[in-house]
Amino acid sequence: MSNCGNGCSCNDSAIDNVFLPREAEILRAEQVTASEKHFTLKMKDGKGMDFQPGQIAEVGVFGYGEIPLGFASSPTRTHSFDLVVRTVGRVSTAINKLEKGQSLWVRGPLGSGFNLEEMRGHDVLIVAGGIGLCPTRSLIQYILDRRSEFGKFTLFFGARTPKDQLFTDDLVQWRKTKDVVEYHETVDKGDDSWKGNVGVITTLFAKTKISPDTRVVVCGPPVMYKFVIRELAKLGVPENHVYLDLERRMKCGIGKCGHCQINDKYVCVDGPVFTYSDIKHLEEAFA
Amino acid sequence: MPAHFIHETDFREFLKSLIASKPVIGPVVEPKSTGDKFIFDDVTSAEQLRLDYDVSLVPPKAVFFPPVQKLLEFGPNGVKSCINPREQVLLGVHFYDVKAFDQLDKLFNDKFPDNNYLANRRATTVIASSVQTVSKHAFWGSFGKDVKAKGHDGFLTKVQGGYVYETFSQKGEALLKHGKFGNASTDQVSAAKRENDAAMDKCQEKVTFTPAEISTKTRASFSNNEMWKELSKDCFSCGSCNIVCPTCYCFDVQDKWGLDQVSGERYRTWDACLTEDFAKVSLGGAGGHENFREAGAQRFRHRAMRKLTYLNEKLGGPACIGCGRCTSACVPNIANPVKIINRIMKG
């Protein structure tokens, strides 16, 4: 009846299309774990990618589709940006077959990221579980690049096994620079080479002192949130200082398609970063 | 708003001229039905148009937001947008479906304007028409009746001897040249008003609570798990209630390859929040998946929340316009909003 319902021929219409992605060249592609690949990208149109830590992009390969991903590098590093993709389904499998010199198609930045103004001048704790280190790495790098603007900076990272640890070059660096970032790590299950902490991520709270005035960022598998929130409550961190970076099925990324909805909020536009106080009353926020 | 009148005997000529000038979409008999089911489709002759229809099977939102809509074309040379609207007239939309357009206009315009919908909307002249036959499950006479339809360009009301045609925009006025319209008399305008007012009392199903009361009580009932289980226990999770809903706008986006295997298209299809995997997320590795609305009762509740409370503030009223299509489409007969509302209000 109307456009594209019945096979009209497409044209280069002057009308903006929110689904039209931009081409990004893969400058570097490295398989970092058995299932995760780390990409460094640059927009081909020269317009860059003007994002805030915590925002997302819809990233795709034509013929397969798009998936939502958090930026894994800081906007302070303007030359390029990073994404990490875990091989899970059809689209991520197709993306992870790509190599340097090939292209990804990107829509973004989308969504609302971390409130940097609220964090500046305060202690910051980041609690990252598994692949949750990817979107929070954007903020980690941002803080490291502007270190004097923040107070004490603590980072907790939990992985399933030592082999599942991401950004291992970063981890080596963070372990060495305690005056810059107080880094604590754990694995659910160690191996012969692992000398560090074994246990769930909340066991790391005993390793350091977190002031109640700390701004806290939490990102990880759905099951992790309620346990971390419980620890933070014990420490007296106010609920509006706790930032949760949530994962949902953000299919369109523009607040329409409905797949990422938590009660009346669309994670892709109202989030993916929410303060705990903003969503604690939403029954569907926590699995 | 200027009111015009056209005699019954001149109406056919008006339609003929209109159809000759640009594509006209209107209510016609569903070809596979026995003559009592209607759809919105291209009207090729004046005789086809059935302004006496009760309700269409699929809502006319499909004209702007087709069940399958191509968004992009891709190939070896890159990607192209597919927004290419057709100038057309959508004639014979009942006021409750216009109210649904008003909602979709707002929602597709919200934050990130989606021209895949909006361009079709802008290119279409919408002419509403009076309800001559009230469908069995309609309850628009009582529910959300304070929210008035706004998004139409003209309104045709069947009165004795012809039609009163009120115009609300230049697009609506542009149709006057196709027929022998004269000024409507005061009596004719009053007759039209009486006709439309009288229709409001003809719905067999009625809601006795106000949308505000329903919204508050529905939101407060979120954790009444027993009630949601009871209401949804026969649900097949088929999503028919979503698919026939004029205000549902959830969709899925998919890619498909062309036969040449080097080019293809990205398209969207209507999706349904009642279906089992709608809110499912794959976690990969040992994580398996997480389904944020795994139980049928959670999905049933989500639909009720969306229609009765979540969107009320943004839309200025409930996201249900009382057409009763979901009631007709639901095989186990559990989707009827009137029944759901009454059960929620009972507590």
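Reading the values: rules and limits
Residues numbered from 1 in each chain as written. Chains lettered and ligands numbered in written order. Predicted model: local features only at pLDDT ≥ 70, side-chain atom pairs only at ≥ 80, totals over all residues. Heavy atoms only, no water. Helix = DSSP H or I, 4+ residues; strand = E, 2+ residues; numbered from the N terminus. Rg over C-alpha atoms; globule rule 2.2 N^0.38 Å. Buried < 20%, exposed > 50% of the residue type's maximum accessible area, 1.4 Å probe, protein only. Contact = heavy atoms within 4.5 Å. Areas by Shrake-Rupley, 256 points an atom, 1.4 Å probe, with all protein chains shown as cover. Lys, Arg positive; Asp, Glu negative; His and termini not counted. Charge placed at Lys NZ, Arg CZ, Asp CG, Glu CD. Expected span 1.5 Å × (residues − 1). Domains from an automatic or database assignment. Buried area = accessible area lost by both parts, 1.4 Å probe. Salt bridge = Lys/Arg side-chain N within 4 Å of Asp/Glu carboxyl O. Polar contact = N/O pair within 3.5 Å; in protein donor to acceptor, adjacent residues only side chain to side chain. Core = buried A, V, L, I, M, F, W, Y, C linked by side-chain atoms within 4.5 Å. Pairing = 2+ DSSP bridges. Axes fitted to C-alpha atoms, helices over the stretch in contact; angles between N-to-C directions.

## Points about the overall build of chain A
And then number 1: Within chain A, the regular secondary structure consists of seven helices and 15 strands.
And then number 2: The C-alpha radius of gyration of chain A comes to 19 Å, within 12% of the 19 Å expected for a compact globule of 287 residues.
And then number 3: By its C-alpha atoms, chain A is 65 × 40 × 35 Å across when sized along the principal axes.
And then number 4: For chain A, buried positions account for 58% of its 287 residues.
And then number 5: Here the analysis covers contacts within chain A between residues at least 6 apart in sequence; of these, 67% occur between residues at least 24 apart.
And then number 6: Total accessible area on chain A is roughly 11,400 Å²; 50% of this is exposed by carbon and sulfur atoms.
And then number 7: In chain A, 36 positive and 36 negative side-chain charges are present, and the distance between their average locations comes to 3 Å.

## Some details on helix α3 (residues 133-145) of chain A
And then number 1: Taking 1.5 Å of rise per residue, 13 residues should cover 18 Å, and α3 of chain A covers 17 Å from first to last C-alpha, within 8% of that figure.
And then number 2: Listed in full, the buried residues belonging to α3 of chain A are Leu133, Cys134, Pro135, Thr136, Arg137, Ser138, Leu139, Ile140, Gln141, Tyr142 and Ile143 of chain A.

## Overview of the domain arrangement of chain B
Residues and elements named next belong to chain B.
And then number 1: Here chain B is partitioned into domain 1 (3-200) and domain 2 (211-346).
And then number 2: For domain 1 and domain 2, the distance between their C-alpha centres works out to 26 Å.
And then number 3: Facing the 41 residues of domain 1 at the interface are 44 residues of domain 2.
And then number 4: Interface area for domain 1 against domain 2, summed over the two sides, is near 3,500 Å², with a carbon-plus-sulfur share of 66%.
And then number 5: When the area that domain 1 buries against domain 2 is broken down by residue, the three leading residues are Phe74, Phe139 and Phe143, summing to 21%.
And then number 6: Counting the contacts that link domain 1 with domain 2 gives four salt bridges.
And then number 7: For the pair domain 1 and domain 2, the number of links is 16 residue pairs in polar contact (both at pLDDT 80 or more).
And then number 8: Those elements that place two or more of their residues in the side of domain 1 that touches domain 2 are β4 (68-75), α2 (95-109) and α3 (115-122).

## Looking at the pattern of salt bridges
And then number 1: Scanning the entire structure with this criterion turns up 42 salt bridges over all chains.
And then number 2: Here Arg266 of chain B makes a salt bridge to Glu66 of chain A, at a shortest N to O gap of 3.2 Å. A residue pair is termed interchain when its members come from two chains, as with Arg266 of chain B in strand β12 (residues 264-270) and Glu66 of chain A in strand β4 (residues 65-70).
And then number 3: A salt bridge links Arg266 of chain B to Asp255 of chain B, with the shortest nitrogen-to-oxygen separation between them at 2.6 Å. Note that Arg266 of chain B is positioned in strand β12 and Asp255 of chain B in strand β11 (residues 251-257), a separation of 11 residues in sequence.
And then number 4: Given the relative accessible area of 6%, Asp255 of chain B is considered buried.
And then number 5: Each of Glu66 and Arg107 of chain A together with Asp255 and Arg266 of chain B takes part in salt bridges that share partners, so that together they form one network.

## Considerations on the nonpolar core
And then number 1: Counting residues in each nonpolar core, the largest one holds 82 residues, and the members touching the most others are Val127, Val218, Leu232 and Leu244 of chain A together with Leu90 of chain B.
And then number 2: At eight residues, α2 of chain B tops the list of elements feeding residues into this core.
And then number 3: In contact with Val218 of chain A, not counting residues within four places along its chain, are Val127, Met224, Tyr225, Val228, Leu232, Val242, Tyr243, Leu244 and Asp245 of chain A.
And then number 4: Core analysis: the next-biggest nonpolar cluster, separate from the first, contains 30 residues, Val207, Ile214, Met227 and Tyr310 of chain B among them.

## What about the sheet that holds β11 of chain B?
Residues and elements named next belong to chain B.
And then number 1: One open sheet accounts for four strands, arranged β5-β4-β12-β11; its pairing is antiparallel. At either end of the open sheet lies a strand with only one pairing partner, and these are β5 (78-81) and β11. When the angles between neighbouring strand axes are averaged without regard to direction, this sheet yields 25°.
And then number 2: Two elements, β4 and β5, share four bridges in a ladder whose sense is antiparallel. Its bridge partner being in β5, Glu73 is matched across the sheet by Lys80.
And then number 3: Set on the sheet, α3 makes contact with β4 and β12; between it and β4 the angle comes to about 120°.

## Some details on the sheet that holds strand β7 (residues 124-129) of chain A
All names here are of chain A.
And then number 1: One open sheet accounts for seven strands, arranged β10-β9-β8-β7-β11-β12-β15; its pairing is mixed. Strands at the two margins of the open sheet, each flanked by one partner only, are β10 (197-198) and β15 (273-275).
And then number 2: Strand direction decides the pairing type here: β7 and strand β8 (residues 153-159), joined by six bridges, are parallel. Considered in β8, the bridge of Leu125 is made with Thr154.
And then number 3: Packed on one face of the sheet, α3 meets β7, β8, β11 (215-219) and β12 (242-245) and runs near 155° to β7.

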